[in-house]
Amino acid sequence: MKARNKAVEERRCIRLMVNGNPVELDVGEGPGSVRTSDTLAHTLRETLGLIGTKVSCDHGACGCCTVLMDDRAVNSCMTLTIECDGKSIKTIDGLRDPATGTLDPLQQAFIDHTAFQCGFCTPGMIMSAKALLQENPSPTETEVKKALSGNFCRCISHYQVVKAVMSVSGKGR
Amino acid sequence: MTDRYRFIGKSMRRNDATEIVTGGARFLNDIKMDGLIYGKVLRSPHPHALIKGIDKSKAAGLKGVKGVLTWEDVPDWRGGTPRSTRILDRKVRYVGDAVALVAAETIEIAKEALRLIEVEYEVLPAVLDMEEALKPGAPQLYDQFPGNVVTPGVPFFGPKSLKDIVMGDVEKGFREADVITEGTFGYENIPNPLPPEQPGVIALWEEPNKATLWVSNQASYMDKITLFHVTGRKLDVRTIGGPCGGSFGSKFMSWQIQSYAILLSRATGKPVKMVMSKEEHLATFTLRPSSRITARVGMKRDGTLTAVAGTWLVDTGYYSMTTQSQVAVGCGELQIMARCPNWDLRNTIVCTNRNASGIVRGFGGQELKSSIIPLLSLAMEKVNVDPFEFLKKNFVKPGDGYFWRDGLWYTYRGVDYTKALDKGAERFGWKEKWKGWLTPSSVDGIKRRGIGVGIHGNADIGEDASEAYVRIQPDGKAMLFSCVTEHGTGQRSNFLKMVAEVLQLPIDQISIAPADSLINPYEFGPAGSRGTYAIGSAVIAAAEDARKKLFEILAPKLQADPEDLDTVDGFVFLKANPEKRIPWKAMGVDRTCTGFGRFEPDYSLTTCIMSFVEVELDTETGKVDLIRVVNATDVGKVIDPPGLEGQLNGCLGSAGIDSAIFEETILDRSTGHILNANMIDYKWRSFSELPSIESVVSETPFESHRFHAVGVGELATSPGPSAVLMAVSNAIGKWVHEYPMTPERVLRVLGKVKPKVRKGKGGAA
């Protein structure tokens with residue numbers, strides 16, 4: 001990681017894939033640039049305009065800001081953007097099929113099970129569940145609960161979320 | 001019974017579902033606009049102090065700073081009931097009170113500017129306990145409130161606004177009692193409902209006296225009304241409401257941050273966005289009121305209540321905007337829950353130097369019941385009455401009455417909940433599990449299980465007014481205008497269902513206007529479970545009115561009278577001859593047909609929910625696990641099954657059941673600082689600790705509106721806390737009376753750890 005950061009410093013820009021699209025961002029203070037202190041959540045929302053990722057606690061406790069980094073779920077509020085050079089990021093904004101607009105089966109399952117109330121935590125929930133399903137396409141209920149244990153929901157959508165995720169468990173990606 | 005409805009009661013996708021699951025839903029912080037700048041608040045480190053001087057020159061000179069405001073720069077806008085709390089004041093009254101406001105090009109610059117403001121304070125003695133605050137010589141928060149007692153009563157509830165429960169003859173009642181119990185009981189852990197989306201706003205000032213606000217609140221129209229009053233009836237506010245990322249009551253009122261943003265916009269000429277950090281949300285936004293009751297109750301051997309007398313002290317923190325309303329409604333709700341002929345319950349609301357209390361699900365009733373049910377339980381135990389039977393018997397029955405918040409007497413005209421509660425008890429297995437007071441339902445080594453039950457009901461399901469328009473269009477579509485924001489209950493979708501049912505029109509042909517106060521009529525908003533009955537009635541009336549007007553327009557074209565007509569799928573036809581039909585566009589493609597509906601408040605129906613809980617406690621670690629919850633209710637007619645299920649599951653979150661197990665705001669009563677203002681130290685229930693939860697929902701038609709339904713969502717949090725204390729007491733075999741039942745407290749009751757000695761009473765120990 002240190003070597004990569006050094007490369008970023010020398011190059012003064014970072015390159016990453018966001019929802020399948022290559023993105024190159026200057027490192028610096030100007031508009032549209034990435035400051036060394038910028039979190040990935042900040043860059044996604046404020047610099048790239050991808051507002052689907054929500055920020056709630058902003059210190060890694062609630063999981064609202066979950067995105068996939070190289071297919072693993074991370075709290076984007078606790079990840080510095082300059083550490084994402086060369087990474088592939090997937091956010092809720094890019095989960096549906098970009099060509100057809102068809103929803104991911106997981107998104108459809110959330111709709112079919114009304115697996116949300118206010119919906120603020122839902123993008124993070126879906127991305128955490130997506131990471132689980134990519135790693136383990138047939139999780140048990142206990143595994144689903146464990147994978148989502150870092151996602152805060154105050155309306156108590158949990159029960160319907162578990163049903164939604166279980167409805168796509170074992171049905172491939 | 002075959003369902004005669006086409007839409008009502010059917011599980012349907014929410015109309016905002018795609019936006020929510022794709023991240024396309026635009027919550028407040030997702031909104032951007034040209035010229036937007038950002039506001040931040042400098043907050044007091046002292047619980048009580050006078051500001052001797054503020055030097056803002058360095059902050060104002062920082063590049064990118066657009067405006068800095070202190071108490072000297074702002075008009076005399078005041079919140080509080082009665083108006084007491086200036087928007088910025090020379091005096092600060094809690095740790096976190098606003099001292100100065102900054103607007104800057106970026107949030108980072110605004111934060112940097114806060115550090116450059118120099119404030120000289122004269123620190124004053126602070127008071128952080130309600131009984132201390134009432135003593136002679138206690139520090140005084142406001143000249144207006146001698147003795148720190150907040151003026152009782154609420155002007156907008158009318159001249160007789162309910163302040164106390166006084167009726168009958170309590171001395172006679174106590175003479176008739178077979179048993180009398182007394183004591184002091186509290187619910188003082190001031191939990192935070194903690195919606196995931198922080199309070200925030202975007203404000204744009206327009207000369208000379210207008211402001212447009214983008215809000216993500218529970219009741220966007222009421223923001224307009226509240227700010228009108230806060231600004232001395234000077235400001236004309238337009239609110240544009242969007243999706244609300246959780247509220248649970250709390251985001252019904254955000255007058256402070258809204259006023260800050262308006263003032264910063266006025267000072268800078270730019271739109272100003274302010275969003276609280278999560279730490280600010282936990283440390284400076286409203287909490288549950290703190291409740292302490294000292295009372296006597298008289299009971300007969302059969303569980304009949306003969307008298308309740310005592311005092312209810314409510315700590316509202318450094319100001320009260322709504323606490324008087326919560327006390328009024330709480331008193332009404334106690335009468336609904338506990339039929340008793342003789343009352344003398346006197347209430348006092350006290351100011352202390354902590355963060356303010358405000359609206360939270362349960363609205364006074366949860367606070368009062370969580371305090372008084374433990375006292376009632378002592379009496380039940382003495383006469384050996386089963387608490388389920390007691391709560392069922394004493395809940396309001398048709399023909400009984402109560403004083404509601406306006407101080408008027410109402411006779412209940414709804415359904416008898418007895419059957420619905422029996423069904424819940426049966427599902428839970430109450431009779432099999434109940435082994436008597438202070439007796440565990442089972443013991444397995446170090447694990448002991450206990451059960452408990454609680455109840456809540458309110459007449460707020462018909463509170464306040466609502467208005468709506470429904471517009472029928474020649475293209476075969478309809479549009480609903482209702483200033484309701486979506487705060488998680490799915491009500492915006494449910495109101496579309498109601499319009500669809502009245503007009504017999506597919507739901508995808510009906511849209512709903514944005515919750516913009518400029519285009520929609522008056523709407524109090526979804527609160528107190530009023531959405532289904534109160535808002536629903538206005539929506540239904542608007543749809544019926546539009547339908548009637550449409551028939552009047554089209555009747556001549558069908559050579560019929562309007563009353564001979566009906567409509568389905570965008571066609572109007574003769575009831576006697578459905579073949580004879582014309583499309584809506586026969587009214588003319590250049591016209592629309594708009595109906596209006598209004599709901600007038602009605603306090604003669606109440607809702608009811610009972611929660612049965614089973615807990616397991618570990619006598620080695622003291623940990624209490626919630627094993628199972630069964631919620632029983634009767635809603636007349638379910639509008640949306642998954643939405644209702646979600647609302648009832650909500651009993652766990654938002655300062656509900658878990659406020660008896662682990663949820664608390666930990667206030668350091670020597671410094672006034674909140675010690676757990678972050679989401680790691682403030683405990684919340686995660687996926688890995690979900691109890692089994694079941695809803696037992698009856699559908700006995702109510703005389704409410706054409707769908708015979710009433711709401712229930714708000715109440716789900718309320719029966720649980722006292723039920724958990726009851727269950728833990730039974731599991732241990734000794735009374736426990738503190739919220740929450742942390743492992744430390746359990747071990748103390750078990751005699752395994754020594755009690756901690758702390759200064760002051762109540763709260764976090």
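Residues numbered from 1 in each chain as written. Chains lettered and ligands numbered in written order. Predicted model: local features only at pLDDT ≥ 70, side-chain atom pairs only at ≥ 80, totals over all residues.

1. Points about the overall build of chain A
Phase 1 of the analysis: Helices and strands together make up the secondary structure of chain A, namely six helices and five strands.
Phase 2 of the analysis: Overall size of chain A, expressed as C-alpha extent along the three principal axes, is 50 × 30 × 30 Å.
Phase 3 of the analysis: Each of the 173 residues in chain A was classed as buried or not, and the buried ones make up 53%.
Phase 4 of the analysis: Long-range contacts, defined here as pairs at least 24 residues apart, represent 58% of the contacts in chain A between residues at least 6 apart. (Helix = DSSP H or I, 4+ residues; strand = E, 2+ residues; numbered from the N terminus. Buried ≥ 20, exposed ≤ 12 C-beta atoms within 10 Å, placed from the backbone. Contact = placed C-beta atoms within 7 Å.)

2. Observations concerning the overall build of chain B
Phase 1 of the analysis: Broken down by element type, chain B carries 18 helices and 32 strands.
Phase 2 of the analysis: In terms of overall size, chain B behaves like a compact globule, its C-alpha atoms giving a radius of gyration of 27 Å where 765 residues would be expected to give roughly 27 Å.
Phase 3 of the analysis: C-alpha atoms of chain B, sized along the principal axes, occupy 85 × 70 × 50 Å.
Phase 4 of the analysis: Looking at chain B residue by residue over its 765 residues, the buried ones come to 60%.
Phase 5 of the analysis: In chain B, of all internal contacts separated by at least 6 residues, the share reaching a separation of at least 24 is 81%. (Rg over C-alpha atoms; globule rule 2.2 N^0.38 Å.)

3. Observations concerning the interface of chain A and chain B
Phase 1 of the analysis: On the chain B side, the residues contacting the 41 residues of chain A number 42 residues.
Phase 2 of the analysis: Looking at the side of chain A that touches chain B, the elements that each hand over two or more residues are helix H3 (105-112), helix H4 (122-135), helix H5 (141-147) and helix H6 (158-168) of chain A.
Phase 3 of the analysis: When grouped by side-chain class, the residues that make up the side of chain A that touches chain B number 20 nonpolar, 14 polar and seven charged. (Nonpolar A, V, L, I, M, F, W, Y, C, P; charged D, E, K, R; others polar.)

4. A word on the sheet that holds strand S10 (residues 179-187) of chain B
Residues and elements named next belong to chain B.
Phase 1 of the analysis: Pairing in this open sheet of five strands is mixed, and the strands run S9-S17-S16-S15-S10 from one edge to the other. Among the strands making up the open sheet, the edge pair consists of strand S9 (165-167) and S10. Sheet twist, expressed as the mean angle between neighbouring strand axes with direction ignored, is 10 degrees. (Pairing = 2+ DSSP bridges. Axes fitted to C-alpha atoms, helices over the stretch in contact; angles between N-to-C directions.)

5. What about the domain arrangement of chain B?
Residues and elements named next belong to chain B.
Phase 1 of the analysis: By the assigned domains, chain B splits into domain 1 (17-25 + 464-599), domain 2 (31-124 + 193-284) and domain 3 (290-461 + 604-749).
Phase 2 of the analysis: Summarising the inter-unit geometry, the C-alpha centres of domain 2 and domain 3 are found 35 Å apart.
Phase 3 of the analysis: Opposite the 24 residues of domain 2 that make contact, domain 3 presents 24 residues.
Phase 4 of the analysis: With five residues, the top contributor of residues to the side of domain 2 that touches domain 3 is helix H8 (residues 278-284).
Phase 5 of the analysis: Looking at the side of domain 2 that touches domain 3 residue by residue, the classes come out as 10 nonpolar, 10 polar and four charged. (Domains from an automatic or database assignment.)

6. Looking at the packing of helix H9 (residues 323-337) of chain B against helix H10 (residues 365-382) of chain B
All names here are of chain B.
Phase 1 of the analysis: Where H9 meets H10, the axes come as close as 8 Å, and the angle between the chain directions of the two elements is 55 degrees. Compared by their axis directions, H9 and H10 come out oblique. In this structure, the crossing between H9 and H10 has a hand that is right-handed. Contacts between H9 and H10 involve Val329, Gly330, Glu333, Leu334 and Met337 from the former and Gly365, Glu367, Leu368, Lys369 and Ile372 from the latter.
Phase 2 of the analysis: Class assignment of the residues belonging to the contact of H9 with H10 gives a composition of five nonpolar, two polar and three charged. (Parallel < 35°, antiparallel > 145°, perpendicular 65-115°, else oblique. Left-handed = near helix turned anticlockwise from the far one by under 90°.)

7. Details of the domain arrangement of chain A
Residue and element names in this part refer to chain A.
Phase 1 of the analysis: What the domain assignment lists for chain A is domain 1 (2-93) and domain 2 (105-168).
Phase 2 of the analysis: Distance between the C-alpha centres of domain 1 and domain 2: 23 Å.
Phase 3 of the analysis: Of all the secondary structure elements, the ones that give two or more residues to the side of domain 1 that touches domain 2 are strand S3 (66-69) and strand S4 (72-75).
Phase 4 of the analysis: Per element, the largest residue contribution to the side of domain 1 that touches domain 2 is three residues, and it comes from S3.
Phase 5 of the analysis: Looking at the side of domain 1 that touches domain 2 residue by residue, the class counts come to seven nonpolar, five polar and three charged.

8. A short note on the pairing of strand S31 (residues 624-634) of chain B
Residue and element names in this part refer to chain B.
Phase 1 of the analysis: A large share of S31 lies buried, amounting to eight of its 11 residues.
Phase 2 of the analysis: Looking at chain direction, strand S30 (residues 609-618) and S31 are connected through nine bridges and run antiparallel. Across the sheet, the residue bridging to Val615 is Leu626, located in S31.
Phase 3 of the analysis: In this structure, S31 lies alongside strand S32 (residues 692-698), joined through seven bridges in parallel fashion. Directly across from Ala632, in S32, lies its bridge partner Val696.

9. Regarding the pairing of strand S2 (residues 49-55) of chain B
Phase 1 of the analysis: As paired strands, S2 of chain B and strand S6 (residues 91-92) of chain B are joined by two bridges and run antiparallel to one another. Bridging across to S6 of chain B, Ala49 of chain B finds its partner in Val92 of chain B.

10. Details of helix H17 (residues 720-732) of chain B
Residue and element names in this part refer to chain B.
Phase 1 of the analysis: Given a rise of 1.5 Å per residue, 13 residues ought to cover 18 Å, and the 18 Å separating the end C-alpha atoms of H17 matches this to within 8%.
Phase 2 of the analysis: In terms of residue burial, H17 counts as a mostly covered element, since 13 of its 13 residues are buried.
Phase 3 of the analysis: Gly733 occupies a position one or two residues after H17 and carries a positive phi of about 90 degrees. (Expected span 1.5 Å × (residues − 1).)

11. A look at the sheet that holds S30 of chain B
Residue and element names in this part refer to chain B.
Phase 1 of the analysis: With mixed pairing, five strands are arranged side by side in an open sheet as S20-S21-S30-S31-S32. Each edge of the open sheet carries a strand with a single partner, namely strand S20 (442-444) and S32. If you compare each strand with its neighbour and ignore which way they point, the axes differ by 20 degrees on average.

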